[in-house]
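Reading the structure
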Amino acid sequence: MNRLVAATRVVRAASVARVARPVAALQPRRAYSGAEELSDADFDAKWKAFFADPSHDARTVRRGLNDVFAYDVIPDPAILEEALRALRRVDDFASSVRVFEGIKDKSPDEVTYIHVV
């Protein structure tokens, strides 16, 4: 009987010791990139310069559009103007239509859509 009680105490002590570990040791660490966030003006200037570059082909322009629409913002009309000019330059009508569809999907209401377009 004493062996059973002793074994039970050992098991309980082990489970208490297991629970008593610090919580911080159990949580994974996140390794965020050290990139700094851009201000609104810097963000707009970056993407206007990207789309204004005449050396980009259709694939690069589409990749840039995908990156712009991945942010949780509605792009500034100046960015969209440069993007549409770039799409015109590479002769990609289908992507230009998708720009308007993307703005319509991101806009919370009709007034915002009309303002941006």
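In the block above lies the structure referred to throughout.
This report concerns the structure included in the present document.

About the thresholds
- Residues numbered from 1 in each chain as written.
- Predicted model: local features only at pLDDT ≥ 70, side-chain atom pairs only at ≥ 80, totals over all residues.
- Heavy atoms only, no water.
- Salt bridge = Lys/Arg side-chain N within 4 Å of Asp/Glu carboxyl O.
- Helix = DSSP H or I, 4+ residues; strand = E, 2+ residues; numbered from the N terminus.
- Buried < 20%, exposed > 50% of the residue type's maximum accessible area, 1.4 Å probe, protein only.
- Axes fitted to C-alpha atoms, helices over the stretch in contact; angles between N-to-C directions.
- Parallel < 35°, antiparallel > 145°, perpendicular 65-115°, else oblique.
- Left-handed = near helix turned anticlockwise from the far one by under 90°.
- Contact = heavy atoms within 4.5 Å.
- Nonpolar A, V, L, I, M, F, W, Y, C, P; charged D, E, K, R; others polar.
- Phe/Tyr/Trp six-rings, centres within 6.5 Å; stacked < 30°, edge-to-face > 60°.
- Core = buried A, V, L, I, M, F, W, Y, C linked by side-chain atoms within 4.5 Å.

Right, let's get into the pattern of salt bridges. Counting across every chain of the model gives 3 salt bridges. Note that Arg63 and Asp67 form a salt bridge whose closest N and O atoms lie 3.6 Å from each other. One end of the pair is Arg63 and the other is Asp67, both in helix 4 (residues 58-70) and 4 residues apart, which spans about a single turn. Classification of Asp67 by relative accessible area gives partly exposed; the value is 29%. Arg85 serves as the salt-bridge partner of Glu81, at 2.9 Å between the closest nitrogen and oxygen. Separated by 4 residues within a single helix, Glu81 and Arg85 lie in helix 5 (residues 77-89), roughly one turn from each other. Owing to a relative accessible area of 49%, Arg85 belongs among the partly exposed residues under this scheme.

It is worth spelling out the packing of helix 4 against helix 5 at this point. At a closest axis distance of 10 Å, the pairing of helix 4 and helix 5 adopts a crossing angle of 155°. When the interaxial angle is binned, helix 4 and helix 5 end up roughly antiparallel. Crossing handedness for the pair helix 4 and helix 5: left-handed. Residues Val61, Leu65 and Phe69 of helix 4 form the contact with helix 5, whose own contacting residues are Leu80, Ala83, Ala86 and Leu87. When grouped by side-chain class, the residues that make up the contact of helix 4 with helix 5 number 7 nonpolar, no polar and no charged.

Next up on the list: the packing of aromatic side chains. The tally for this structure, following the rule as stated, stands at 5 aromatic pairs. Relative to Phe50, the ring of Trp47 lies with its centre 5.3 Å away and its plane at 70°, an arrangement referred to as edge-to-face. On the criterion of helical spacing, the pair formed by Trp47 and Phe50 is a turn pair, its members being 3 residues apart in helix 3 (residues 40-52). When sorted by exposure, Trp47 lands in the same class as Phe50, which is buried. A ring pair is formed by Trp47 and Phe51, whose centres lie 6.0 Å apart and whose planes are at 35°; its orientation type is tilted. Of this pair, Trp47 and Phe51 both sit in helix 3, 4 residues apart, roughly one helical turn. The two residues Trp47 and Phe51 agree in class, both being buried. Site record: aromatic cluster; members linked through ring pairs are Phe43, Trp47, Phe50, Phe51 and Tyr71.

Looking at where Ala52 falls in the secondary structure, it is placed in helix 3. Put simply, Ala52 and Arg89 are 37 residues apart on the chain and 9.9 Å apart in space, counted from C-alpha to C-alpha. Dropping the residues within four chain positions of it, Ala52 is found in contact with Glu82 and Arg89.

Time to look at the nonpolar core. Among the nonpolar cores identified, the biggest contains 17 residues, and Trp47, Phe51 and Leu65 are the most heavily contacted of them. Where this core is concerned, the elements lending two or more residues are helix 3, helix 4, helix 5, helix 6 (93-106) and helix 7 (110-116). A per-element tally of this core places helix 5 first, with 5 residues. Setting aside anything within four residues of it in sequence, one finds Leu65 in contact with Phe51, Ala83, Leu87 and Val99.

Structural measurements only, silent on function.
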